[in-house]
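Topology and contacts: notes
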Amino acid sequence: MKYSEKGLLKIGNVNALTLVKEYGTPLYVYDLDIIRKQYDALKRAIPKKVKIFYAIKANPNPTVCSFLRSLGAGAEIASSGELYVALKVGFEGKDIVYNGPGKTDEDIQYAIKSDVHIINVESLDELHRLNAIAKNEHRPIKVCVRVNPIQGVKKVKMQTGGGSQKLGIDEEQIETVVKTALSLNWIELQGIHVYVGSQILEEGVLLESIDNTLQIAGRMAKQFGLPLKCLNFGGGLGVPYNESEPEFDVENFGQGLTTLIHKASLLFDLSETQFILEPGRFLVSDAGIFLTKVISVKESRGKKYAIVDGGINHAFLPIRMNKKYPTAIANKMNWPNENTTTIGGPLCTSMDVFTNEVELPHVELNDIISIFNSGAYGFSASLLYFLSAPMPAEVIVQNGKHFIARRRGKKEDFLSNCELTFRF
Ligand SMILES: Cc1ncc(COP(=O)(O)O)c(C=O)c1O
């Protein structure tokens, strides 16, 4: 982390206190240069024929999405809301893939009308609905089957593949789905999609899963005639949240991926295959910092607490993941650590604790607490209207410049869609 001689945190060459003064707290700050660095590192490492589709759910801020589009990414979406964001920021349908185990007829219709590149089907009944809606719209649709593989992944906390899942279709049931898809007139089957879990830190673990995906695809192509026009390996590339966690080695990952694709292409024809990766966290996590002001300091039975103005309604993930998120005091970056402090938000629930017992310099009123690695699943995975609180602002920084990307919400927002003609 960079800071000035006076110990003031700098984000993208901008003093964090300047941002706080101009935009207030709680505040998300995203540094575009870090997003570019992550995107470039991944793009450089992987084979040219593997395309990156940014998983918008990690950070749907339109400026962030638009920036990733400008770098060459496509978009992975999982709701009509995300599709709307993607289209608004300029992604074309052909650059969008659509996941989700609970797509409604309206969602599917909207996706088809928007010419979404591929819809990943997650159940047999959804396949039939896709076919019926495509027929109704007179537009055939490209589909991949999302497979829940028999083989899960080891050492991954947030598994989305392997075992029993609501996500995808069990590998054992794929024969029926592939045969059905091939028989339906309005479905253009492309291949398969597998996403086994998030926050995978060892590239070998992800490569093992990709190897398995390639083998499943090859087997299905041979046995049931699955086309191999698209193979989607999902996301999952992790980032370290503390010093004990390793960095995901993108270069090793890229080399491994090149080898796996080459090996598989000796066994079956992959010359026309489009390969897809859908990273979210890896691209944006490190670029985001959450700034929140200390509004009360107290002690309870020997434990020191700093109560801040941002809570789990603004940044839920630090609590959900039960992590000690990297934390510092933005205005005391060069002060020695002095206290073990627990940082809690302003909400009246004991759940609302950011970082439990973190070592910090002496904490005082009006200090600015910074929670790093907040760019992914920070704003987007929060309980945004809990306690009727307004949404935090989001600001972009880039090499000394800064601008607002989302204005701070107002206390009136919570009632904005409510009927206020009371009858009682
Ligand atoms: C289908 C799908 N693809 C990609 C991602 C992005 O995952 P990550 O942020 O771990 O890269 C997710 C996250 O939930 C997902 O559900």
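Look up: the structure comes first, before these words.
Below: a short report on this structure. These figures come from a predicted structure and were not determined experimentally.

Taking 1.5 Å of rise per residue, 14 residues should cover 20 Å, and helix H2 (residues 32–45) covers 20 Å from first to last C-alpha, within 8% of that figure. Here H2 has its buried residues at Leu 32, Ile 35, Gln 38, Tyr 39, Ala 41, Leu 42 and Ala 45. Tucked into the core, H2 has its buried residues touching strand S4 (27–31), strand S5 (50–55), helix H3 (62–71), helix H9 (250–267), helix H10 (281–284) and strand S22 (393–398). The N-cap of H2, judged by a side-chain oxygen 3.0 Å from the amide nitrogen of Asp 33 a few residues on, is Asp 31.

What follows is about the site of the ligand. Around the ligand, the structure places 14 residues, and the nearest of them are Ser 198, Gly 236, Glu 278, Arg 281 and Tyr 377. In the environment of the ligand, a nitrogen atom lies 2.7 Å from a nitrogen or oxygen atom belonging to the side chain of Glu 278. In this structure, Gly 280 approaches the ligand through a main-chain N or O atom, which is 2.9 Å from an oxygen atom. A majority-of-atoms criterion places the ligand in the second largest pocket. Partitioning the shell around the ligand into residue classes produces 4 nonpolar, 5 polar and 5 charged.

Below, the discussion takes up the side chain of Thr 213. Within the secondary structure, Thr 213 is located in helix H8 (residues 203–224). With relative accessibility at 1%, the residue Thr 213 sits in the buried group. When neighbours within four sequence positions are excluded, Thr 213 is seen to be in contact with Ile 192, Val 194 and Phe 233.

Next up on the list: unusual backbone geometry. For the peptide bond that leads from Thr 25 to Pro 26, omega is -10°, which places it in the cis range. Tracing the backbone through its elements, the reader meets Pro 26 in the loop between helix H1 (16–23) and S4. For Asn 13, which is not a glycine, the phi torsion comes out positive at approximately 65°. Checked against the element boundaries, Asn 13 lands in the loop between strand S2 (9–11) and strand S3 (14–15). A positive phi angle, close to 60°, is found at Gln 199, a residue other than glycine. Within the fold, Gln 199 resides in the loop between strand S13 (197–198) and H8. The class for Gln 199 is buried, based on a relative accessible area of 9%.

Let us now look at the layout of surface pockets. In this structure, the largest pocket encloses a volume near 1000 Å³. For the largest pocket, the lining is made up of 37 residues, of which Met 1, Asp 286, Pro 326, Phe 372 and Asn 373 are closest to its centre. When contributions to the lining of the largest pocket are tallied by element, the ones reaching two or more residues are S2, H2, strand S18 (327–329) and strand S20 (353–360). The greatest single-element share of the lining of the largest pocket, amounting to 4 residues, is contributed by H2. For the lining of the largest pocket, a count of residues per class yields 17 nonpolar, 9 polar and 11 charged. When residues of the lining of the largest pocket are sorted by domain, at least three fall in each of domain 1 (2–29 + 287–415) and domain 2 (46–283). Taken as a whole, the second largest pocket holds about 830 Å³ of empty space. Around the second largest pocket sit 33 residues that line it, and Lys 57, Ala 78, Thr 160, Tyr 195 and Tyr 377 are the ones nearest its centre. Among the secondary structure elements, those contributing two or more residues to the lining of the second largest pocket are helix H4 (80–88), H10 and helix H11 (317–320). Looking at which element gives the most residues to the lining of the second largest pocket, the answer is H4, with 3 residues. Residue classes in the lining of the second largest pocket are distributed as 15 nonpolar, 10 polar and 8 charged.

What counts and how
- Residues numbered from 1 in each chain as written.
- Predicted model: local features only at pLDDT ≥ 70, side-chain atom pairs only at ≥ 80, totals over all residues.
- Heavy atoms only, no water.
- Helix = DSSP H or I, 4+ residues; strand = E, 2+ residues; numbered from the N terminus.
- Expected span 1.5 Å × (residues − 1).
- Buried < 20%, exposed > 50% of the residue type's maximum accessible area, 1.4 Å probe, protein only.
- Contact = heavy atoms within 4.5 Å.
- Polar contact = N/O pair within 3.5 Å; in protein donor to acceptor, adjacent residues only side chain to side chain.
- Near = heavy atom within 4 Å.
- 1 Å grid on protein atoms, 1.4 Å probe; cavity = no way out; pocket = protein on both sides within 12 Å on 5 of 7 lines; lining within 4 Å.
- Sits in = over half its atoms within 2 Å of the grid points.
- Nonpolar A, V, L, I, M, F, W, Y, C, P; charged D, E, K, R; others polar.
- Points joined across faces, edges and corners; volume = space filled by probe spheres on them.
- Domains from an automatic or database assignment.

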